[in-house]
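Inside the fold
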Amino acid sequence: MRDLWAQIGFAGLRLRHALQRQVFQLYMSGRKGRLAGKDLSYLSFRGLNLRRANMRGANLTRSDLSRADLRQANLEGADLSFADLSHADLSEADLRRATLRFTDLSAAKLSGADLEGANLEGAPLYGAELSGALLTGAWVTPGQLAKAGSLLGAILPDESRQN
């Protein structure tokens, strides 16, 4: 029985490795748009340039996107629960209705990002740059926003503008 579980575990690891290799090949070939709607959970994109990538509706649960360049990326409706986006650049990214529950956004750049209707429940925003971000209807607490680095010009969940 132990050997069977070892084989299943090894097969799962090989499948995960093959998927990560496929994603890397798409990335290297410049076909970033083919990531929309894909299950990319538990994969590492640490430090990758995914600028303008179309990851709309993708499952990025528990993925490592720390230090990634996601400027102007389309992450509308994506599930980023428990992902690591610390130090990532999400400037002008489309995060409408994205799920960012317990996602590490520490020191992330979200300047001009559209977070309308996004769920940021439990997401640490320590030092996050949210200047000019649209947070209308977003699920985020005043305590979380108080820990952000900058909110200048941001439109808050209650539709007030931060000066």
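First, a word on scope: everything that follows refers to the structure included in this document. Throughout, a residue's number is its position along its own chain's written sequence, starting from 1. Local features in this predicted model are restricted to residues of pLDDT 70 or higher, and side-chain atom pairs are both shown and tallied only at a pLDDT of 80 or more, whereas totals for entire chains, interfaces and linings draw on every residue. The side-chain values count all of the structure's non-hydrogen atoms but skip hydrogen atoms and water molecules.

Quick word on the overall build of the chain
- Put simply, DSSP marks the helices as runs of H or I at least four residues long and the strands as runs of E at least two long, and each gets a number from the N terminus on. Within the chain, the secondary structure is distributed over two helices and zero strands.
- Put simply, the chain has 163 residues, and 42% of those count as buried.
- In the chain, of all internal contacts separated by at least 6 residues, the share reaching a separation of at least 24 is 2%.
- Here the accessible surface of atoms and residues is derived via Shrake-Rupley with a 1.4 Å probe, and residues count as covered only by protein chains that are part of the display. For the chain, the accessible surface area stands at approximately 8,600 Å², while carbon and sulfur atoms represent 51% of it. Residue burial is assigned from relative accessible area. The probe radius is 1.4 Å, only protein chains are included, and a residue is buried under 20% of its type maximum, exposed over 50%, and partly exposed in between. Note on contacts: a residue pair is in contact if any heavy atoms of the two residues lie within 4.5 Å.

Focus: the nonpolar core
- Formed by 45 residues in total, the largest nonpolar core has its most connected members in M55, L90 and L95.
- The contacts of M55, once residues within four sequence positions are left out, are L35, A36, L40, F45, L50, L60, L70, N74, L75 and A78. The criterion is simple. A nonpolar core is a set of buried Ala, Val, Leu, Ile, Met, Phe, Trp, Tyr and Cys residues joined through side-chain atoms within 4.5 Å.

Details of unusual backbone geometry
- Non-glycine residue H87 carries a positive phi angle of around 65 degrees.
- Tracing the sequence through the fold places H87 in the loop between α1 (2–28) and α2 (142–146).
- Taking relative accessible area as the criterion, H87 reaches 41% and is therefore assigned partly exposed.

Things to note about the pattern of salt bridges
- The salt bridge criterion pairs a side-chain nitrogen of Lys or Arg with a carboxyl oxygen of Asp or Glu, the two atoms within 4 Å. Tallied over the entire structure, the rule returns eight salt bridges.
- As a salt-bridge pair, E76 and R96 come within 3.1 Å of each other at their nearest N and O atoms. In this pair, E76 sits in the loop between α1 and α2 while R96 sits in the loop between α1 and α2, placing the two residues 20 residues apart along the sequence.
- Here E76 falls in the buried class, since its relative accessible area comes to 10%.
- Via salt bridges that share partners, R56, E76, D94, R96, R97 and D114 belong to a single interconnected network.

Some details on the side chain of S150
- In this fold, S150 is placed in the segment after α2.
- When its relative accessible area of 18% is taken as the criterion, S150 is described as buried.
- Ignoring anything within four residues of it in the chain, the contact list for S150 reads A128, E129, L130 and S131.

Looking at the side chain of T61
- Within the secondary structure layout, T61 lies in the loop between α1 and α2.
- A distance of 2.6 Å separates polar atoms of two side chains, one belonging to T61 and the other to N59.
- Look past the residues within four positions of T61 in its chain and what remains in contact with it is S41, Y42, D79 and S81. Definition of a polar contact: a pair of N or O atoms within 3.5 Å, with one able to donate and the other able to accept a hydrogen when the atoms are protein atoms, and with sequence-neighbouring residues admitted only if both atoms are side-chain atoms.

Re the packing of aromatic side chains
- Classification of ring pairs rests on two measures: the distance between centres of Phe, Tyr or Trp rings, Trp counted by its six-membered ring, which must be within 6.5 Å, and the angle between planes, read as stacked under 30 degrees, edge-to-face over 60 and tilted in between. Within this structure, the stated rule accounts for one aromatic pair.
- When the ring of F82 is compared with that of F102, the centres are 5.4 Å apart and the planes differ by 15 degrees; the resulting orientation is stacked. One end of the pair, F82, is in the loop between α1 and α2; the other, F102, is in the loop between α1 and α2, with 20 residues separating them in the sequence.
- Exposure remark for F102: the relative accessible area of 36% places this residue in the partly exposed category.
- Its end group placed over the ring of F82, R62 keeps NZ or CZ at 4.4 Å from the ring centre. Each ring is checked for a lysine NZ or an arginine CZ that lies within 6 Å of its centre and within 35 degrees of its normal; such an atom marks a charge sitting over the ring.

Brief notes about the environment of R97
- Structurally, R97 can be placed in the loop between α1 and α2.
- Note on R97: relative accessible area 48%, which makes it partly exposed.
- When the C-alpha positions of R97 and A118 are compared, they lie 4.2 Å apart, and in sequence the two are 21 residues distant.
- With near-sequence residues (within four places) excluded, R97 lies in contact with E76, G77, E116, G117 and A118.
- A polar atom in the side chain of R97 sits 2.4 Å from the side chain of E76.

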